[in-house]
Structure formats: structure tokens, C-alpha cells
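What the coordinates show
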Amino acid sequence: MEAKDKIYIKDLELIAYHGVLEEEKQLGQKFLISLEISTSLRKAGLTDDLNNTISYTEICDDVEKLFLSKKNDLIEKCGEEIAELILKKNDSIQKVKVTIKKPWAPIRKILDYAAIEVIRGRHKVFISFGSNLGDKKQNIEAALDKIGRLTNTKIIKTSSIIETEPFGNVEQDIFLNGVVEIETFMEADELLESLLSIETELGRVREVRWGPRIIDLDILLYDSDIINKENLTIPHPWMNERMFVLVPLLEIAPNVIEPLSSKRIRPLKEELEDKIKKSGIK
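Keep in mind that this is a model prediction, so the values were computed, not measured.

1. Some remarks on the overall build of the protein
Assigned secondary structure in the protein consists of eight helices and 13 strands. Counting only C-alpha atoms, the protein reaches 70 × 50 × 35 Å along its principal axes. Classification of the 282 residues of the protein by burial places 43% in the buried group. Long-range pairs, those at least 24 residues apart, make up 66% of the contacts in the protein between residues at least 6 apart in sequence. Within the protein, the 50 negative side-chain charges are centred at a point lying 2 Å from the centre of the 42 positive side-chain charges.

2. Focus: the pattern of salt bridges
Applying the stated criterion to the full structure yields 22 salt bridges. Note that Glu-84 and Lys-88 form a salt bridge whose closest N and O atoms lie 2.9 Å from each other. Highlighted residues: Glu-84 and Lys-88, both in helix α4 (residues 75-89), separated by four residues, approximately one helical turn. Note on Glu-84: relative accessible area 30%, which makes it partly exposed. Each of Asp-91, Arg-122, Lys-154 and Glu-183 takes part in a single network of salt bridges with overlapping partners.

3. As for the sheet that holds strand β2 (residues 29-38)
Taken in spatial order, the four strands of this open sheet run β1-β2-β3-β4, and their pairing is antiparallel. Of all the strands in the sheet, just β1 (6-16) and β4 (114-121) have a single pairing partner and so form its edges. Adjacent strand axes in the sheet meet at a mean angle of 15°, parallel and antiparallel pairs treated alike. Bridge analysis of β1 against β2 gives nine bridges, and the strand direction is antiparallel. Counted as the bridge partner of Tyr-8 is Glu-36 from β2. Packing against the sheet, α4 makes contact with β2, β3 (95-102) and β4, and its axis sits at approximately 150° to β3.

4. A few points about a negative patch on the surface
Taken together, the side chains of Glu-187, Glu-190, Glu-193 and Asp-225 make up a negatively charged region of the molecular surface. Residue placement: Glu-187 occurs in the loop between β8 (175-184) and α6 (188-201). Residue class for Glu-187 comes out partly exposed when judged on its relative accessible area of 33%.

5. Things to note about the environment of Ile-174
Inspection of the secondary structure puts Ile-174 in the loop between β7 (162-164) and β8. C-alpha of Ile-174 to C-alpha of Pro-212: the two residues are 38 residues apart in sequence and 9.1 Å apart in space. The contact partners of Ile-174, leaving out residues within four places of it in the chain, are Ser-131, Asn-132, Lys-136, Glu-163, Thr-164, Glu-165 and Pro-166.

6. Details of the state of the cysteines
Each disulfide consists of a covalent bond between the sulfur atoms of two cysteine residues. All chains considered together, the criterion is met by zero disulfides. Cys-78 provides the cysteine sulfur closest to Cys-60, a residue in no disulfide bond, and the two sulfurs are 16 Å apart.

7. Some details on α6
In this model α6 runs 20 Å from its N-terminal to its C-terminal C-alpha over 14 residues, within 8% of the 20 Å that 1.5 Å per residue would give. Here α6 has its buried residues at Ala-188, Leu-191, Leu-192, Ser-194, Leu-195, Ile-198 and Glu-199. The arc that holds every buried residue of α6, seen down its axis, measures 165°, which confines them to one face. For α6, exposure combined with an orientation more than 90 degrees from the buried face picks out Glu-193, Thr-200 and Glu-201.

8. Side note on the side chain of Asn-177
With respect to the helices, strands and loops of the structure, Asn-177 is situated in strand β8. Since its relative accessible area comes to 6%, Asn-177 is described here as buried. Within the structure, Asn-177 has its side chain in polar contact with the backbone oxygen of Phe-129 (distance 3.4 Å). Not counting chain neighbours up to four residues away, the residues in contact with Asn-177 comprise Phe-129, Gly-130, Ser-160, Ile-161, Ile-162, Thr-164 and Phe-244.

9. Quick notes on unusual backbone geometry
When glycine is set aside, most residues are seen to have a negative phi, and most peptide bonds are trans. Cis geometry marks the peptide bond from Ile-234 to Pro-235, where omega comes out at 0°. As for its placement among the helices and strands, Pro-235 is situated in the loop between β11 (233-234) and α7 (243-252). With a phi close to 55°, Asp-11 is a non-glycine residue in the positive phi region.

10. Describing the nonpolar core
Of all hydrophobic cores here, the largest spans 28 residues; its most connected members are Ile-33, Leu-35, Phe-67, Ile-82, Ile-86 and Ile-100. Mapped onto this core, the elements with two or more residues apiece are β1, β2, α3 (56-68), α4, β3 and β4. Element by element, the count of residues in this core is highest for α4, at six residues. Once you skip the residues sitting within four places of it in the chain, Ile-82 turns out to touch Ile-33, Leu-35, Val-63, Leu-66, Phe-67, Val-98 and Ile-100. Ile-147, Leu-150, Ala-188 and Ile-198 belong to the second-largest nonpolar core, a separate cluster that totals 24 residues.

Definitions and cut-offs
- Positions within a chain are numbered from 1, following the residues in the order the chain's sequence is written.
- Side-chain atom pairs in this predicted model are given and counted only at pLDDT of 80 or more, local residue features only at pLDDT of at least 70, and totals for whole chains, interfaces and linings cover all residues.
- Calculated side-chain values reflect all of the structure's heavy atoms, with hydrogen atoms and water omitted.
- A run of H or I in DSSP becomes a helix once it reaches four residues, and a run of E becomes a strand once it reaches two; helices and strands are each numbered from the N terminus.
- Relative accessibility thresholds used throughout: buried, under 20% of the residue-type maximum; exposed, over 50%; partly exposed, between the two (1.4 Å probe, protein chains only).
- Should any heavy atoms of two residues lie within 4.5 Å, those residues are counted as being in contact.
- Just so you know, the count uses Lys and Arg for positive and Asp and Glu for negative, and it drops His and the chain ends.
- Note on charges: their place is set at NZ of Lys, CZ of Arg, CG of Asp or CD of Glu.
- For this document, the term salt bridge refers to a Lys or Arg side-chain nitrogen within 4 Å of an Asp or Glu carboxyl oxygen.
- Strands are labelled as partners when DSSP assigns at least two bridges between them.
- To get an axis, fit a line to the C-alpha atoms, keeping to the stretch in contact for a helix; angles then go from 0 to 180 degrees between the N-to-C directions.
- Each patch is built from residues that are more than 30% exposed by relative accessible area and take part in no salt bridge. Like charges join if they lie within 9 Å; nonpolar side chains (Val, Leu, Ile, Met, Phe, Trp, Tyr) join within 5 Å.
- Values of accessible area rely on a 1.4 Å probe in the Shrake-Rupley scheme; residue burial ignores everything except the protein chains shown.
- By definition, disulfides here are pairs of cysteine sulfur atoms that lie within 2.5 Å.
- Each residue after the first adds 1.5 Å to the expected span of a helix.
- Directions pointing from the helix axis toward each C-beta atom define the arc.
- Polar contact criterion, stated in full: a pair of N or O atoms within 3.5 Å, where within protein one must be able to donate a hydrogen and the other to accept it, and residues adjacent in sequence count only if both atoms are side-chain atoms.
- Take the buried residues of types Ala, Val, Leu, Ile, Met, Phe, Trp, Tyr and Cys, join any two whose side-chain atoms come within 4.5 Å, and each joined set is a nonpolar core.

Nothing here speaks to function; it is all geometry.
Structure (C-alpha cells):
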């Protein structure tokens, strides 16, 4: 659940050297930086202890040091860097909104300021993995290692690895399958690209649908988001029909809710078991 408490820092004023124009990088200009940090303030409120909250002074000092250390063309880049800095500051920070204003924007118009606003946060993601070619266990270990090395991403839990029969009508070896929970700053599209790159690096070739594969990585759940794009559907459209997904998911996240059905994993697994008994499907 996202923290409802917030810390605000409004219009931290700095003279810095960001901008596309050479004059901006040489002469500098005024910037106003505002932060809205989502975190729990409950413990700090109960204990009156600075160690249980986020220090405004440290945040301002850190942002100032970062902002003055570079000369970026775009304040969009500055916003990304500040958001990443804040999220890395403390694991209790769930989300941050960064607003950067340029009151002296050199656009030859009368205006109060030009500005950007970025909102970034931590995302809980569940990814299924599977392999049925070569050294299957080694393939999985290599994939998990690469996932854990993705930028601003860490593995939280990994399920046991189970053996499962292949899905579809293609003659092939049995699979090793499982599910991993990660925390990442990446947006869903970025994460998908990274997973596809990992599959390619490990030698996956997409030739036959439901065919054998060195490694298969699929995003099952991304927070409680529902995403329908041409190249990405979340929740995964077949997760509720795959025992090799629900069994390991139940092991590491029994209380997670599948947002389309609003059901936890156990009843979804029980429903699929009943369906399998009645129809004989795998």
C-alpha cells in the first residue's frame, strides 16, 4: 500500500548551468526545485526521533550537490537524476515528485516560468521464468543474475524451481519454471525491453510458438496496474491458466491480488485445479 504521508520541499533556489544554449552553460540561471516525497511518517511522529524520518537538510544538500555538479542540456534529465537520488536515499521512500522551474527560460516570451514535473517510485513486479533447453538450471541462474544486475532493481524473493510439462502441441522436453519478485524503479515498458534483452543475450530465438526455449521471462504483475498495449499486457493474459505460474507465485506471494479478478492467488489456483479436473487440460 502506498504511503499517504508526505514530505514537501518547495522552491529550493539554485543558480546552475543547465540548458541547450551555450550561454546557459556559461552564464548560469536560476532554478527552483520542489519535492513531494511519499513515505511513512508514523514512526517519526510516535518517537520524535530524527533517525525515523527523512532529513530535509540532507535532502536539500544532496540535491544541491547533484544539481550543481553537472551541466545537462535538459531539465528532464535533471529531474530523472534527482528522483533516482531521492529514491536511493532511503528504502522507506515509496514515490517522489520532482518539479524543476526555470524562471529565466530564454524563450523570448513573457511568462512566470517553464517547468517539468516527473513522478517516480518503487514498483513491485512478479516475473515468471522457464527453460527447457540445454542446462536449464544454469540458464535460469544466469537470467536471475542478470535481472538482479539491472539498474535500480533488486530481487526480493525467488520461488522454488518446479518441473512442468510443456504447454501446447510441440514435441519438446519438460520445463523448469518458477517466479521471482523484484523491486525496480523502471517503468513497465523499460522492464520489458530489459527482459527481452536478457533473453536475447542468453541465446533465445523465437521461431515456434509454445516451442522450446533457452529462457522465457514474462512480467506477470506490475504493482496493481492494468496495462493493455500492443507489446505489453499486464496482468499476463494467461497467468490464471498456467499452473506453472500459480504454484510458484502462491509460494512467494500468497496474498498478492490479481487486479482483473480482484482475487488472491490461492483461489485462482483452486479454480484452475477444478478446471483441470473437469476438462483434463494441462
